[in-house]
Amino acid sequence: MSRQPIRDYTATGDELYALFEDQGDLQALQLAIGYYSTALTEDVLDSQCSRSDQLLKLVTALSRRLDLVGDTADLDVAIDCHRAAINLQTPDSPDVPIMHAKHAQMLMKRFELHMSQADLDLAIEYYTCISDQTDPTHKEWLIVLADALVTRFSYWGNVRDLSQAIHLYESVVSFDASNAPTSVLGNLSLAHFFRYQQEGGTPDLTSSIAYSMEALDKISSEDQNRSVLLNNLANGLLFRFKKLGSTDDLDQAVKTYGSVIVLCPAGHKGRLRALSNLASAIMTRYELKASLADLEISLGHFHEALGICPENHPDRSTLLDNLATTLRKRFQHTGDIMDLETAIENHYEALHILPPSHPHRSDALCSLGNALQSRFAFQGDPDDLDAAVARYSEALCLRPLSHPERVDLLNNIANVACKLFNERRDPHSLNQSIEYYSEALQLSPEGYRRPLLLHNLASSLTTRFLYRNDVKDLDRALELAASALELRERGNEYRLSSHVVLANAKGLKYELEGDPAMLQAAFQHLDEARGMCAPGHPSLVDIWEEYSRIHLHAYSRAPQSTDHVEEAFRYFRMASTHTSGGSRLKFCVALRWIKEAEVHKHSSALDAHQIALSMFDRYVTTKPSIESRHRIVREHAASLAVDAASCALRRGLVTLAVEMLEHGRGLLWTYLARFQTPLDELQSAGEHGRQLASEFLRLSPLLEDAACSTVTEEGLQHYRCLLREWDGVVNQIRLVDGFGDFLLTPSFSKLKEAANNGPVIIANASKYSCDAVIIHHEHDPIHIPLTDINTSDILRLSSQFRDFAANPSIWGRERSTERYLTQLLRQIWDAVVLPVVKRLESSLHLLKGSRIWWCPTGRFNNIPLHAAGPFCKREKGLLNHYISSYTPTLSALLRCRKPRHVFNDKTLPRVFAIGQAAPAGGFVKLGTVDEELDSLQSILAPAIPMTRMTGESATRSESLRAIHSSPWVHLACHGRQDVIRPLKSCFAMSDGPLTLLDIVRAPSDSLQCSEFAFLSACHTAVGDHKAPDEVVHLAAAMQFAGFRGVVGTMWAVNDAVVVNMVSKFYEALLEKSPEGLDFEHAAIALNTAAKRVDKSIVPLEQRIVFVHIGA
């Protein structure tokens, strides 16, 4: 059978395509495409030209099917065929330009579908090679080339594309200026506007407005392009207002945007951008006049726009960013943290969408930085400040000196620098903020930004006056703040902050010079500011606090006027208990209240302490991780609880003092303990109780994971959602009968049960007083004022013990070391321990050899109270009076004593000994680890079985498993205290550090079997000296992980002699419990070991280095 000639396939394809064109028969089109494709492969054509024609026929048919069916594969094939057809043409063929234009159109269509930059670049290349800017007949090609260049700019931000597009559009206009197409005029307006946004040239702005107005004059009111041109005009007017500050431009811009909305009803493709632009213009008006109504209108428009915006729309990032900024502004009005959290979430999403070179990326970076600053001001997390600095720094690289928005960025960076000074007291940051504000002012000789910049510079100068006491700074601040107020019209809510800054500066001026007119003016400014605030306004916190400051200034000048001091403390109370405003801000006000009340011995001091404790609870709850919580305690509340207790003790309120200490100390352990709260009773409280218990158990591990992890911004949002759920469940549990105090600080009646097995002595070290409190379960608490020692003495002793703990060898030979140590211990005996011992004997008639528990606070945590003594032959020290143990808090001791389920698992090793002499990480090899474990095994055998794990086997994971599964654990290894990040303190294992956080995350079943741990390692009972009341050390972690009793160390252990103390301890322990080890005898055994060990071998500091913690 002979092959059919190719002309027959082509002719058949032509007939079928004609049938399709005539009747719209899709099947005919499908068949035509098949015949055209077959014709290409069946035979060789007569010429390249005829093959090119055949390819173009197939391209035409495929393009038609694409339009009807929408299969993008047809477009890909059509583009390949069309490119092949072009390649078959001779360079001088008259068809080539037309074919290039057609190919560029197809590439642009595919770009619109897939957003491939390669397609757009190639399309521009084709248009460029056929366009002659001097030939009027090329007008259409010049226009589409310019359009493509603007499109490429809008996606990838190369300003050269804009400049080239403007040149092409202007070439088209020049062909016939009087009859220039309105579409070209509109595009010219838009391109000039885009370039102004990038380079800030006023001529571009002027041209943009002029071209928009010219185009509008040429079209009718019904023209479908009218909305686009009006939008371009409004953009130009709005930015001219931002540049030059004419409110007429702003009003006209808002009005013009409103006209665009009318022309773009629901469903109109231009409505999205129209809504976004109108909302942005109204927000600009809000910045000028601070009308809450404008804020709500703007939010409504942004929400509607976002609701109709596709996920891949190029404007989505800008829309998210603007909505977020508006939410942040509303947060500043209402104090609703959810607005701010949603804003930050939207800012991050907007930034994620934008590529690094996008022209709007700098805007998104600045907006996110602003939101992070706001959250810092509300919650005080310095990570937010650092993140804001990073965002602004990146934005600054994207905004050259000529950029029109550079002024805003300079203002933002100055804001952060000022906050960094307030946070870290670095004078360089303060000077830097003043320099940035000053530069921004120089770039804004007029315009709507100027009042804000004047205000901010005045505020920074006032701060620097307080730091340097240079009156020139204060005078300059007064001048600038007055100028800012003058530029802000009446009715503008931003006048409120101007009044507050002026009141502050004038109050300081009065304190400096005593001019009554200044005092009166300061109060007048505050009265004006207060009059601008509705009840509940967040700014009232600042205003009340400023009233307090100025009343105190007045009192300092006229001490006989007690009205001023009473008014000051009334306003302190109002500010720190205000219904809105950030918890951090109100906490800081309460701290100022405490300071002033203590200085002036005011009756409100106790209330101030209690409110500060309450506000700190709310403040610290906003932090998900225990790392961040611990940092906040270090920086802001290291002595909060001990000072509050001192205040209560000075008023004779001993039980309240104990409750306050329990409330404000050991926050990390208290927080984590919540997730392990037993729920047996709640589950027995009916179906509702079981449901609440189930929800509590679901949320607890999720929050515990957040607490023990590094939390990202996304994780932070999730944490806050979980926290709201948790708070809701806890509040519902408290409504169940008998659970009204669920997870609240226990009352004294419950706390004193910690003393069931012996008295607990709280040693409280505050800057206001030093006290001891003896708690006994059958007696009222006994308060002992420690009048022979003060906070300076304790600070000195604490530092000396800490220095000794860091390096005992610095004190020289053994004898001189012991002499130095006994001097310190004798001071502690005389001033602290002896008064306690006397009261134990006289008031409680406590027998010698009885157990007592020390609960040291503040700097007492670094002092070995258990080892205090007179160190003379005729008198005995505490070791010979009582058996000392320690507890971080009363609640921790109560947790140790809670009844547990009894397990009869005979397979569990009774003692698990872990030895690591040569761990990873550059530690010095320990020479006696094996000797220590050998000695331990020989003492325990054969009655007590022991499992040992040493060398390479003693890994992090295996050691952790042993800790969490063994009732008795002995650790002989290196211990390291991390003084910077105490939660990273660790035991050194063969493959790396076993950290405190690793240990804390104990499985719940380990709490049922753990009994006792002996930590034969350095620094295991030494906490963070900057936050001593948090008691963050390895021994406390082991106790929290379930061990009822723990022996730890207060300083370095001497590897050469430690085996002696360990041996004597276990020998004494077996004497007390020959039938089997009993953790309740551990404290007695440790006391016995310290007295029995050969003192010629084991020096004093090694006899007292070990301490017993727990039951």
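Residues numbered from 1 in each chain as written. Predicted model: local features only at pLDDT ≥ 70, side-chain atom pairs only at ≥ 80, totals over all residues. Heavy atoms only, no water.

**Some thoughts on the overall build of the chain**
Then, in step 1: Regarding its fold elements, the chain presents 47 helices and 14 strands.
Then, in step 2: By its C-alpha atoms, the chain is 120 × 100 × 65 Å across when sized along the principal axes.
Then, in step 3: Residues counted as buried form 56% of the 1111 residues belonging to the chain.
Then, in step 4: A fraction of 69% describes how many contacts in the chain between residues 6 or more apart in sequence connect residues 24 or more apart.
Then, in step 5: Of the accessible surface of the chain, which amounts to about 46,600 Å², a share of 51% is contributed by carbon and sulfur atoms. (Helix = DSSP H or I, 4+ residues; strand = E, 2+ residues; numbered from the N terminus. Buried < 20%, exposed > 50% of the residue type's maximum accessible area, 1.4 Å probe, protein only. Contact = heavy atoms within 4.5 Å. Areas by Shrake-Rupley, 256 points an atom, 1.4 Å probe, with all protein chains shown as cover.)

**Observations regarding the confidence of the model for the chain**
Then, in step 1: For the chain, mean pLDDT is 87; residues scoring 70 or higher make up 95% of the total.
Then, in step 2: Low pLDDT, under 50, characterises residues 1-6; the predicted model gives this stretch six contacts beyond four residues in sequence or across chains. (pLDDT = per-residue confidence, 0-100.)

**A short note on unusual backbone geometry**
The phi torsion of most residues other than glycine is negative, and most of the peptide bonds are trans.
Then, in step 1: Between alanine 941 and proline 942 the backbone carries a cis peptide bond, its omega angle lying at -5°.
Then, in step 2: At asparagine 469, a position not held by glycine, the phi torsion is positive, near 60°.
Then, in step 3: Assignment of secondary structure puts asparagine 469 in the loop between α21 (450-468) and α22 (471-487).
Then, in step 4: Not every positive phi belongs to a glycine, and lysine 601 is a case in point at roughly 50°.
Then, in step 5: One can find lysine 601 in the loop between α27 (583-599) and α28 (605-621).
Then, in step 6: By relative accessible area, lysine 601 is classed as exposed at 75%.

**Remarks on the pairing of strand β10 (residues 986-989)**
Regular strands place side chains that alternate from one sheet face to the opposite one.
Then, in step 1: Residues of β10 alternate between two faces, with Cys986 and Ala988 on one and Phe987 and Met989 on the opposite face, all of them buried.
Then, in step 2: As paired strands, strand β9 (residues 975-976) and β10 are joined by two bridges and run antiparallel to one another. Bridge pairing links glycine 975 to phenylalanine 987 in β10.
Then, in step 3: Linking β10 to strand β11 (residues 992-995), which pair antiparallel, is a turn of two residues. (Pairing = 2+ DSSP bridges.)

**Section: the pattern of salt bridges**
Then, in step 1: Within the structure shown, the criterion is met by 48 salt bridges.
Then, in step 2: For aspartate 934, the salt bridge is made with arginine 948, and the minimal N-O distance between the two is 2.8 Å. Here arginine 948 lies in strand β7 (residues 946-950) and aspartate 934 lies in helix α40 (residues 929-940), a separation of 14 residues in the sequence.
Then, in step 3: Residue class for arginine 948 comes out partly exposed when judged on its relative accessible area of 30%. (Salt bridge = Lys/Arg side-chain N within 4 Å of Asp/Glu carboxyl O.)

**Examining the state of the cysteines**
Then, in step 1: Evaluation of the coordinates by the stated rule reveals zero disulfides.
Then, in step 2: Between cysteine 533, a cysteine without a disulfide, and cysteine 588, which holds the nearest cysteine sulfur, the sulfur-to-sulfur distance is 20 Å. (Disulfide = S-S within 2.5 Å.)

**With respect to the packing of helix α17 (residues 361-379) against α27**
Then, in step 1: The contact between α17 and α27 brings their axes to 4 Å, and the two run at 40°. Considered as vectors, α17 and α27 are oriented oblique to each other. Across the interface between the two elements, Phe376, Ala377, Phe378 and Gln379 from α17 touch Ser583, Arg584 and Leu585 from α27.
Then, in step 2: For the contact of α17 with α27, the residue count by class is four nonpolar, two polar and one charged. (Axes fitted to C-alpha atoms, helices over the stretch in contact; angles between N-to-C directions. Parallel < 35°, antiparallel > 145°, perpendicular 65-115°, else oblique. Nonpolar A, V, L, I, M, F, W, Y, C, P; charged D, E, K, R; others polar.)

**Here's the deal with a nonpolar patch on the surface**
Then, in step 1: Taken together, the side chains of Leu26, Leu68 and Val69 define a hydrophobic patch exposed on the protein surface, amounting to about 250 Å² of accessible area.
Then, in step 2: Turning to its location among the elements, leucine 68 is positioned in helix α3 (residues 48-69). (Patch = residues over 30% accessible without salt bridge, like charges linked within 9 Å, V, L, I, M, F, W, Y side chains within 5 Å.)

**With respect to the packing of aromatic side chains**
Then, in step 1: Considering all chains together, one arrives at 28 aromatic pairs under this definition.
Then, in step 2: Seen in terms of ring centroids, phenylalanine 675 and tryptophan 726 are 5.4 Å apart; in terms of plane orientation they differ by 70°. Their pairing is edge-to-face. Taken together, the residues span a long stretch of sequence, with phenylalanine 675 in the loop between α32 (667-674) and α33 (680-683) and tryptophan 726 in helix α35 (residues 713-733) at a distance of 51 residues.
Then, in step 3: Residue phenylalanine 675 is classed as buried on the basis of its relative accessible area, which comes to 8%.
Then, in step 4: Look at phenylalanine 1012 and phenylalanine 1065: their rings are 5.8 Å apart centre to centre, the planes differ by 20°, and that puts the pair in the stacked class. (Phe/Tyr/Trp six-rings, centres within 6.5 Å; stacked < 30°, edge-to-face > 60°.)

**Some words on the nonpolar core**
Then, in step 1: The biggest cluster of nonpolar side chains holds 145 residues, and the ones touching the most others in it are Leu672, Val833, Leu865, Ile914, Leu971, Phe987 and Phe1065.
Then, in step 2: Beyond its immediate chain neighbours, meaning those up to four positions away, phenylalanine 987 contacts Leu971, Cys973, His974, Gly992, Pro993, Leu994, Ile999, Leu1015, Ala1017, Thr1020 and Leu1034.
Then, in step 3: Among the nonpolar cores identified, the runner-up in size contains 103 residues, and Leu66, Met99, Ile124 and Tyr169 belong to it. (Core = buried A, V, L, I, M, F, W, Y, C linked by side-chain atoms within 4.5 Å.)

**Regarding the sheet that holds β10**
Then, in step 1: Strands sit in the order β9-β10-β11 across an open sheet of three strands; the sheet is antiparallel. With one partner strand each, in any of the chains shown, β9 and β11 form the two edges of the open sheet.
Then, in step 2: Contacts from helix α41 (residues 956-965) reach β10 and β11, with the element oriented near 25° to β11.

**Topic: the packing of helix α19 (residues 406-424) against helix α20 (residues 427-442)**
Geometry of a packed helix pair, given as the angle between the helix axes and the separation of the axes.
Then, in step 1: The N-to-C vectors of α19 and α20 enclose an angle of 160°; their axes lie 8 Å apart at closest approach. The pairing of α19 with α20 is recorded here as roughly antiparallel in orientation. For α19 against α20, the interelement crossing comes out left-handed. Residue-level inspection shows Arg406, Val407, Leu410, Asn411, Ile413, Ala414, Asn415, Ala417, Cys418, Leu420 and Phe421 of α19 in contact with α20, the latter providing Pro427, Ser429, Leu430, Gln432, Ser433, Tyr436, Tyr437, Glu439 and Ala440.
Then, in step 2: Classifying every residue of the contact of α19 with α20 by side-chain character gives 13 nonpolar, five polar and two charged. (Left-handed = near helix turned anticlockwise from the far one by under 90°.)

**Some points on the side chain of glutamine 1039**
Then, in step 1: Residue placement: glutamine 1039 occurs in helix α44 (residues 1034-1040).
Then, in step 2: Once residues lying within four places of it in the same chain are set aside, the contact partners of glutamine 1039 are Pro888, Ala892, Cys896, Val1046, Ile1109 and Gly1110.

**Topic: empty space enclosed by the protein**
Picture a little ball the size of a water molecule; that probe, rolled over the atoms, points out where space is still empty.
Then, in step 1: Counted according to the given criterion, the structure contains four cavities of 30 Å³ or more.
Then, in step 2: Along its surface, the largest cavity is lined by 19 residues, and Pro856, Asn861, Ala1021, Val1031 and His1033 are the ones closest to its centre.
Then, in step 3: Residue composition of the lining of the largest cavity, by class: 12 nonpolar, five polar and two charged.
Then, in step 4: Roughly 140 Å³ of volume is contained in the second largest cavity.
Then, in step 5: Around the second largest cavity, the lining is made up of 17 residues, and of these His866, Leu879, Ser884, Leu1086 and Asn1087 lie nearest the centre.
Then, in step 6: If one sorts the elements of the lining of the second largest cavity by residue count, helix α46 (residues 1082-1092) sits on top with four residues. (1 Å grid on protein atoms, 1.4 Å probe; cavity = no way out; pocket = protein on both sides within 12 Å on 5 of 7 lines; lining within 4 Å. Points joined across faces, edges and corners; volume = space filled by probe spheres on them.)

**Some thoughts on the side chain of histidine 866**
Then, in step 1: Secondary-structure assignment places histidine 866 in the loop between β4 (851-856) and β5 (883-886).
Then, in step 2: Its relative accessible area of 7% is what places histidine 866 among the buried residues.
Then, in step 3: Among the polar contacts listed, one links the side chain of histidine 866 to the side chain of tyrosine 886, at a separation of 2.8 Å. (Polar contact = N/O pair within 3.5 Å; in protein donor to acceptor, adjacent residues only side chain to side chain.)

**Focus: helix α26 (residues 562-576)**
Then, in step 1: Compared with the 21 Å implied by 1.5 Å per residue over 15 residues, the 22 Å span of α26 between its first and last C-alpha is a close match.
Then, in step 2: For α26, every residue scored as buried is listed here: His564, Val565, Ala568, Phe569, Tyr571, Phe572, Ala575 and Ser576. In a view along the axis of α26, the buried residues occupy a sector of 160°, so they form one face of it.
Then, in step 3: Summarising the contacts, the buried residues of α26 are in contact with α24 (516-531), α25 (540-557), α27 and α28. (Expected span 1.5 Å × (residues − 1). Arc of directions from axis to C-beta.)

**Structural notes on the pairing of β11**
Then, in step 1: Across four bridges, β10 lies against β11 in antiparallel orientation. The partner of cysteine 986 across the bridge, within β11, is threonine 995.

**Here's the deal with the environment of glutamate 725**
Then, in step 1: Tracing the sequence through the fold places glutamate 725 in helix α35.
Then, in step 2: With a relative accessible area of 35%, glutamate 725 lands in the partly exposed category.
Then, in step 3: Apart from the residues lying within four places of it in its own chain, the contact partners of glutamate 725 are Glu695, Arg698 and Leu699.

**Observations concerning the environment of leucine 797**
Then, in step 1: Position of leucine 797 relative to the elements: it lies in helix α37 (residues 791-806).
Then, in step 2: The contact partners of leucine 797, leaving out residues within four places of it in the chain, are Ile789, Leu824, Gln827, Ile828 and Ile863.

**Remarks on the environment of isoleucine 124**
Then, in step 1: With respect to the helices and strands, the residue isoleucine 124 is situated in helix α6 (residues 117-130).
Then, in step 2: Along the chain, isoleucine 124 and leucine 107 lie 17 residues apart, while their C-alpha atoms are 9.4 Å from each other.

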